[in-house]
Structures are given as C-alpha cells and as structure tokens.
Amino acid sequence: MKRPKLKKASKRVSCSKRYKIQKKVKDHTRKLRKELKKKGGASKRPKKDLGVPNSAPFKEEVLREAEQRRQEIDEIKDKKKQAKKVERAQKRKREKVTGKKETEPKAKKPLQEVVVVEQPEKEPGPDKGSKQYLCSELNKVIDASDVVIEVLDARDPMGCRCPQLEEAVLKRGGNKKLLLVLSKIDLVPKENVEKWIQCLQLEFPVVAFKASQQIQDKTVRARKSRIVASNEVLDRSRAAACSGNGCLSEFLSSYATKTENEAQLKVGVVGFPNVGKSSLINSMKGILACNAGVKRGITKSMQEVHILKNVKLIDSPGIMAAPSNPPASMALRSLQVEEGGVSAHEAVRTLLKQCDHSQIMLQYNVPDFRNSLEFLTLLAKKRGYLQKGGIPNAEQASTAFLDDWTGAKLSYHCKASENHDLPDYMSAAVVAEMQTGWDLNSLKTGNEGTLKDVKCPSQAGSIGLTSKGPTAGLLRVEDVTEEKPLLRVVEISVRKPADAASESAEQNDENQPEQTPEEATEALGTQAEEPPIKRNPGRVQFESVPIDMSGSAASTGDAYDFNTDFN
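What comes next concerns the included structure. (Residues numbered from 1 in each chain as written. Predicted model: local features only at pLDDT ≥ 70, side-chain atom pairs only at ≥ 80, totals over all residues. Heavy atoms only, no water.)

**Some words on the overall build of the protein**
Basically, it comes down to this: Helix and strand definitions follow DSSP, with helices as H or I runs of at least four residues and strands as E runs of at least two, each counted in order from the N terminus. The buried label goes to any residue with under 20% of its type's maximum accessible area, the exposed label to any with over 50%, and the partly exposed label to all in between, with areas taken from a 1.4 Å probe on protein chains only. Only heavy atoms matter for contacts: two residues are in contact if any of them lie within 4.5 Å across the pair.
Secondary structure assignment for the protein yields 19 helices and 10 strands. When burial is assessed residue by residue, the protein has 31% of its 567 residues classed as buried. Looking at the protein alone, contacts between residues at least 24 apart form 76% of all its contacts between residues at least 6 apart.

Written as structure tokens, this is what we have:
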C-alpha cells in the first residue's frame, strides 16, 4: 500500500514573529559592532596607504630607501627559514642512524640553599581604646600647646569644667594660656548665656561659639561644586550656620602676632566627651577635618589641623571622669554607658530626678508618668521604637534620650551662680596673668555680634537643670585603672507573707532620693555591727514559719484573690 504523500511544512511565519526576528538580528549585529569598536578592532575597510605625496621634497630618494629597507627585511626572513630547514634535515639524519627520537633536555636549575631568617617578633602597639592611652594622649596635647582651649557646653558650663585640667595647665611651664569656649549657645536662652559669660570672665577669657552641624568632606564638596545650578539657594538654616568662628580666629591670630615666637601658635582643644571639640575644629577649618558624632569617645588620639598661617589647632580625646563624681555628672560626661559599666536605663533615671516633671512631659510630648520605665515605654511608643509583637523597646528609647541630652538637640540650661568665688588653685595674680596679651575689647564686641546672629530658645521652652558643680577628671596615668567587670552576687530568699503596709513601705523607699556616700558608709557601719549569720552556700536552708491553724486565718488568708494582678 502506498503511503500518503505528506506535505512539507510551510515556511510562512506571522508578521509579528518575522519582525521580532529581524529586530533581534539587528540588535545582535549592533552589539558585536560595539564590542569590536571597544576592543579597537580593525574596521571592514582597511585603511589605504596614501604613500609619499608629490609635493614632498626628495620623493624619489625616500621611496628608494623604503624599498631597500623592505628588501633587507625579506632577506633576513629567508635566511632564518633556510637555517631552520637545515636543522630539521640534520635532526632527521641523526634519528635514522640512532633509531631514537631526540628530545632536548630541560636545563635544571641549580639548587639554592634556603636560608631561614628569624624575624624579630613585632611588639604589640598600644591599645587606642584603653584609658591609659587616652590619658597619655591628653597630656601630650597639653604639653605641646601654647594656648589651651577648654570647650564647655553652654547648657551646663560649670559641670563641664575640670579643676584637675585647669590646675595642670597653670602649673606647666612655658607661659601657657587658658581660654574658655562656650559651645552650643543656640540651645540655651540668651539671658543665660550672657550671665555665664560675665561669670566666667572673672577667671579666664570666654568666647561664645556655635558650630555648624553640616560640615561636608572635602571630596564631597569638590564633587558638588562641579555642577552649580543657576538658581542655587544658600543654606542658611540653623544647623548649617556657624557663629563665632571669625571672632575666635581673629582673637587667636592677634595673640600669635604679639608673641615673639616665630613658629606657629599651637592651640590645644580639650574638654569632656560630647562638648563639641571636633565640631569646633571642623567649623574653623570649613571642612570635615576631624571625625565628630553623637557617640562619645570618637576621638582616640591627638590630631593637628592647620587653620591659619600662624595658628594650628590640636584635637584631643575627651577627659575621663573620675568615679567619685555624682551620678548625674557621670550620666552626661563619662564613657561608662558606652563601655557597659552603667546601663542606659540607670543614666536616664538619674537625669529625670534632676529635672522638672512637667517640663519633660512638654518637651517630649508624653502623658504623665510615674517612673523612668514608664517614661521610656511612652517615649518608645511615641517614636516607634517597637520590637517584635509591638513591644516597646525601652533600651533604644533610653539611648535616644541620652543622645538628645549629650548631642546638639535638646535645650536645657543651668543658672549661673551670683556669688562667684575663685577656686583654690587660682589667685588674683593668676587671673591677671591669664588675661594679659589678649585683645579683650575686640572679644567683647565679637561675643555681642555672635549672640545677635544666633537664634536662641526662650526661657519657657528650655528645661531647667540643677548643676552638680565642676566634674573631677583623671589626668595622670597612675590614677587610671582598667576596671574589670565584677560578678554580681544575687541573694535569693524566701519572703514571709507580709501585710499591705510593708509592701507600701518598700515602694516608698524606692521613690526616695539616692543616698549620699556619707549616708551609705554609715548604713554599712551599722550593718557591720550586727552578728553575721553563718550559712552553708552548698545547701538550701529552710526557716521554720509559725502557722496559725485557727478558722479565722483560714477563712481570710487561705483563698487566693485572682483580681489582685489585674488592678
């Protein structure tokens, strides 16, 4: 039976498919052309040799020399080919005679004696995060500088002063000068700043300063300066504006010209963490020369920055606060929170005790709260600091609260003392010596102009804080000891059933203010007089509790009231 003749499949395609294929072919050829152009490949048409033009002088001689050179190159190639042919013919003859194929032996490299050189072990460098290193760097800055600038936070200038630092500068030789700079004046009421300037001028010259918070890196500025819009608007916001840099630079340059020293005037910038040392240097320079931020202890070592032809600023790490300071001073100026020595929640609790309850509510826009934990919970809900399941993150809220207080964000102020007395390490002669050589009249006019330029908050919009006085610092390396984390002994005891009066008494004790060191030592002394109870730590001891089996006790205290947990 004949098979039916099958028709061949038609090659006709739909127009859309045909156009799609043509488009893909075009794209492919275009892509190949681009790649060839990138690689520098030769084009389809070879370039034509134009030769020597007719107008060129000595054309015949040039052509003759080129022809001779071409012939010489061809002769050299022919000679090489002939030499290779002769070598191959000789090699075949040798193989026929011996019957073995010759292989050229590989040249062996001479053995070299391996000499093992023992390199001396590198001594480990100093730990830049250690307290001893930070203390030594701070002393280097004091020794190297002719003028020492102590930067004070205008919100609490007296709390930012370090008596140990000022005494060390005054005792060092070399006719060193000490200068006070009030930073962050835009966060304090103007009347308060004027009072603090009048108060601190009785000891040292004072300069009012407001640093810029939008200092950019040099590379970023250069990149942005290439494209300048026609309708460019200058950024005159409060964060970008800088006030007091002109007054301070003129004040330092005038002093540098008066001194007989031909070298540059070295000015050391010192102070506690987060008072604005690096921000001051960046604002004076105009670019991001030193790292600055809200986190404490960013600067680890000294750094020199040239400001003017005759003035050079030296950045320094922050002063370490002594452990004997009050808890409020430690919460604001020590590095214990970053190092983990003190929890952020405890620091928030100490700060809330020093402030007015209603001012905190108005500043953070939160309802009434009973304790610090409730405040942090409300703040976390307000700012959206939530964990999985919508649980408020109190730790994140506490760090944000501390960043507001140490950074250039929150407005609070301390009242200047009316009755000002000189400290023990100063006298009238020292004050007169510190103020000689400076142009105090220009400084006064400069401070007045700075205060006019800066927009300060009102007295009602700023939180009032009680200052704890100067903060003691550690300057000598011998005084600094690396604190190791201690194991905390937790005593677990079985509490006897008590009435409601005892529980309310415990709650009242929690709300009481913290004990002073003297009261704490007296309490420890009274406890030491009581006879110690000998306990075996390896066994659990049970104490006998008298049980009342009367019916009245069973009717009142035996049943558990489930409503107590939901009040």
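**Side note on the pairing of strand β4 (residues 265-270)**
For clarity, the cut-off: Two strands form a pair only when DSSP identifies at least two bridges running between them.
Counting buried residues in β4 gives 5 out of 6 residues, a clear majority hidden from the surface. Inspection of the sheet shows strand β1 (residues 147-153) paired to β4 by 4 bridges, in the parallel sense. Bridge pairing in β4 places Glu150 opposite Val270. The pairing of β4 with strand β6 (residues 311-315) spans 5 bridges and is classified as parallel. Looking across to β6, one finds that Lys266 is bridged to Lys312.

**A word on a positive patch on the surface**
Worth spelling out the cut-off: Patch membership requires over 30% relative accessible area and the absence of a salt bridge. Like charges are linked within 9 Å, and nonpolar side chains (Val, Leu, Ile, Met, Phe, Trp, Tyr) within 5 Å. Reported accessibility uses the Shrake-Rupley method at a 1.4 Å probe radius. Residues are deemed covered only where the shown protein chains occlude them. Any carboxyl oxygen of Asp or Glu that lies within 4 Å of a side-chain nitrogen of Lys or Arg is treated as forming a salt bridge with it. When charges are counted, Lys and Arg are positive and Asp and Glu negative, with His and the chain ends excluded. In this description, the location of a charge corresponds to atom NZ of lysine, CZ of arginine, CG of aspartate or CD of glutamate.
A contiguous patch of positive charge, built from Lys77, Lys80, Lys81, Lys84, Lys85, Arg88, Arg92, Lys93 and Lys96, is present on the exposed surface. By secondary structure assignment, the location of Lys85 is in helix α2 (residues 59-98).

**So, the pattern of salt bridges**
Applying the stated criterion to the full structure yields 14 salt bridges. Linking Arg30 and Asp27 is a salt bridge whose minimum nitrogen-to-oxygen distance equals 2.9 Å. In this pair, Arg30 and Asp27 both sit in helix α1 (residues 15-39), 3 residues apart, roughly one turn of the helix. Residue Arg161 pairs with Glu203 through a salt bridge whose shortest N-O separation is 2.6 Å. With Arg161 in the loop between β1 and α4 (163-171) and Glu203 in the loop between α5 (190-200) and β3 (206-208), this pair connects stretches of sequence that are 42 residues apart. In this pair, the class of Arg161 matches that of Glu203, namely buried. Among the charged side chains, a salt-bridge network with shared partners connects Asp153, Arg155 and Lys184.

Keep in mind these numbers describe shape, not what the thing actually does.
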